[in-house]
Amino acid sequence: MSVEHSAPGGHDRTGQAEAFDAIGASYDVAFPHKDGQLAAGRRLADELPPGSRVLDVGCGTGLPTARQLTEAGHTVLGVDLSAGMLELARANVPPPAAEFRRLDLAELRPTGEGRAAVGRFDGIVCFFALLMLPRKEIPSALRLLRSLLGPGGLLGLSMVEADLDDAAIPFLGHTIRVSGYLRDELRQVVRDAGFDIAHEESYTYAPASTTAPPEHQLFLHCRRG
């Protein structure tokens, strides 16, 4: 779920994409039980108007979210910086219902020319993708996502609850850099970016086939304010 590269004025995240290229299909092996993500994706899919256009930020392998949304009758554009993950996503969720592009979150624009001009969406899912950004970049990333939503558009957002800022951690045999918030601060950051939080759930999750300790996952169902 790598999304950040070298955003203007931001950190160079090339190593993040390379790590996820190497991780590839082992990601879904290590994280086979995605109950929270499935529930959040189902809530979004059910609340969107039929045939909605949805952006999947940090889409990874396309499983489970892009497939879940297309099976519900929606059209998905998935973006990620990991070429390896995108190759898997294209096989897991083939066209025409889904399209996948190698793009940096910070490059996305609702209008203009080029591949990064992605238009506007009825809904956005951003599951664990903002973890890959330093904290100073997360508010602007949320405001950018808001600009990509139509009026009243929906955002499904998840983060791991942690008091971290661009911290290096071991992950499936590689090192990645992650950030997080405690839940009260996360709620405030999301509201400050212009979203209303309609629903919240939390899950305690222990990855399979790894020695990583259990993590507390937060899922927020938001509407553009």
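Keep in mind it's a predicted model, so treat the numbers as computed, not measured.

Calculation criteria
Residues numbered from 1 in each chain as written. Predicted model: local features only at pLDDT ≥ 70, side-chain atom pairs only at ≥ 80, totals over all residues. Heavy atoms only, no water. Salt bridge = Lys/Arg side-chain N within 4 Å of Asp/Glu carboxyl O. Helix = DSSP H or I, 4+ residues; strand = E, 2+ residues; numbered from the N terminus. Buried < 20%, exposed > 50% of the residue type's maximum accessible area, 1.4 Å probe, protein only. Pairing = 2+ DSSP bridges. Axes fitted to C-alpha atoms, helices over the stretch in contact; angles between N-to-C directions. Contact = heavy atoms within 4.5 Å.

For the rest of this paragraph, the subject is the pattern of salt bridges. Inspection of every chain in the model, using the stated rule, returns seven salt bridges. Arg101 serves as the salt-bridge partner of Glu99, at 2.7 Å between the closest nitrogen and oxygen. When the shortest N-O distance is used, the salt bridge between Arg183 and Glu161 registers 2.7 Å. Highlighted residues: Arg183 in helix 7 (residues 183-192) and Glu161 in the loop between strand 5 (149-160) and strand 6 (164-171), separated in sequence by 22 residues. Looking at Arg183, the relative accessible area reads 26%, which means it is partly exposed. Residues participating in the shared-partner salt-bridge network are Asp184, Arg187 and Glu200.

Either a parallel or an antiparallel arrangement is found when strands of a sheet pair, and the pairing is made through backbone hydrogen bonds. Spatial ordering of the open sheet is given by 3-2-1-4-5-9-8, a layout of seven strands whose pairing is mixed. Where the open sheet ends on each side, the last strands, each with one partner, are strand 3 (98-102) and strand 8 (195-205). For this sheet, the mean inter-axis angle between neighbouring strands, taken without regard to orientation, is 15 degrees. Relative to strand 4 (residues 121-127), strand 1 (residues 53-57) is paired through three bridges, and the arrangement is parallel. Counterpart to Val54 in the pairing with strand 4 is Gly123. Along the sheet, helix 3 (residues 35-47) contacts strand 1, strand 4, strand 5, strand 8 and strand 9 (215-224); its crossing angle with strand 9, the most-contacted strand, is approximately 10 degrees. Contacts between helix 7 and the sheet are confined to strand 5, strand 8 and strand 9, with strand 8 contributing the most and set at about 150 degrees to the helix.

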